[in-house]
Amino acid sequence: MEDLGLAAWPPEPIRTERLVLRESEARDRAAFIELLASPEVHTYLGGPRPRDELERETPEVPERWPGSFVVDLDGAMIGQILLRRAPEHRRPAAAGKADLGYLFLPRAWGFGYAAEACAAALGWLAGALPGEPVVLATQTANVGSMRLAAKLGFTEVERFEAWGAEQWLGMWSPVAPSS
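Anyway, here's the lowdown on the structure attached to this text.

Rules of the game
Residues numbered from 1 in each chain as written. Predicted model: local features only at pLDDT ≥ 70, side-chain atom pairs only at ≥ 80, totals over all residues. Heavy atoms only, no water. Helix = DSSP H or I, 4+ residues; strand = E, 2+ residues; numbered from the N terminus. Rg over C-alpha atoms; globule rule 2.2 N^0.38 Å. Buried < 20%, exposed > 50% of the residue type's maximum accessible area, 1.4 Å probe, protein only. Contact = heavy atoms within 4.5 Å. Core = buried A, V, L, I, M, F, W, Y, C linked by side-chain atoms within 4.5 Å.

## Observations regarding the overall build of the chain
Next, step 1: Secondary structure assignment for the chain yields four helices and eight strands.
Next, step 2: N-terminal to C-terminal, the α/β element order of the chain is β-β-α-α-β-β-β-α-β-α-β-β.
Next, step 3: Taken against the 2.2 N^0.38 rule, which gives 16 Å for 179 residues, the C-alpha radius of gyration of the chain at 16 Å falls within 12% of a compact globule.
Next, step 4: In terms of overall dimensions, the chain has a C-alpha envelope of 50 × 40 × 30 Å along the principal axes.
Next, step 5: Taken across its 179 residues, the chain has 47% of its residues classed as buried.
Next, step 6: A separation threshold of at least 6 residues defines the contact pool for the chain, and within that pool the share at least 24 residues apart is 63%.

What follows is the structure, given as structure tokens:
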């Protein structure tokens, strides 16, 4: 995965009705470890990483690179949004396109935070890189992620087998202003 290239980074924090999307800070380290060690979060992502390994390997300010947003609710990290370019994506339809990923702590599930944060990140990308399509891949068994993709306006490109499960690939294209 690569960063998005021409998009200026970091942007000013992105504010929504309830959330702030911002760069990571040292105060987010414990939440990142919790996120990456969570069996619930990683049910469809190959399983969690061992907490002791994460404690040793996670830098003081984790995930500080272009395209990585901390999702902040009332001053605390509840998730992460990832926008990266996938030059060698396993699916030809996705190669070279911006790729949306997201992880949220289980205590933040069911409140619409993922939809709100992802929509804000897509809006930022549409302004930073006008006309840029975005892809999203998820397991079809991940019902919540499938619902979120539909709510965000991703349309199915294809389904395929990988990692022992059926995967779904969707694409989102910003609406071009009418002339």
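Following the structure, the description resumes.
## Topic: the nonpolar core
Next, step 1: Among the nonpolar cores identified, the biggest contains 34 residues, and Ile81, Leu100, Val134 and Phe154 are the most heavily contacted of them.
Next, step 2: At the level of secondary structure, the elements contributing two or more residues to this core comprise strand 3 (68–73), strand 4 (76–85), strand 5 (98–104), helix 3 (113–128), strand 6 (134–139), helix 4 (143–152) and strand 8 (165–172).
Next, step 3: When residues of this core are assigned to their parent elements, the largest contribution, nine residues, is made by helix 3.
Next, step 4: Contact partners of Ile81, with chain neighbours within four places excluded, come to Leu21, Gly67, Ser68, Phe69, Val71, Leu100, Gly101, Tyr102, Phe104, Ala117, Cys118 and Ala121.
Next, step 5: The next biggest cluster of nonpolar side chains, apart from the first, holds 12 residues, and it includes Ala31, Leu35, Val41 and Leu54.

Such coordinate-based values are descriptive only and should not be taken to indicate function.
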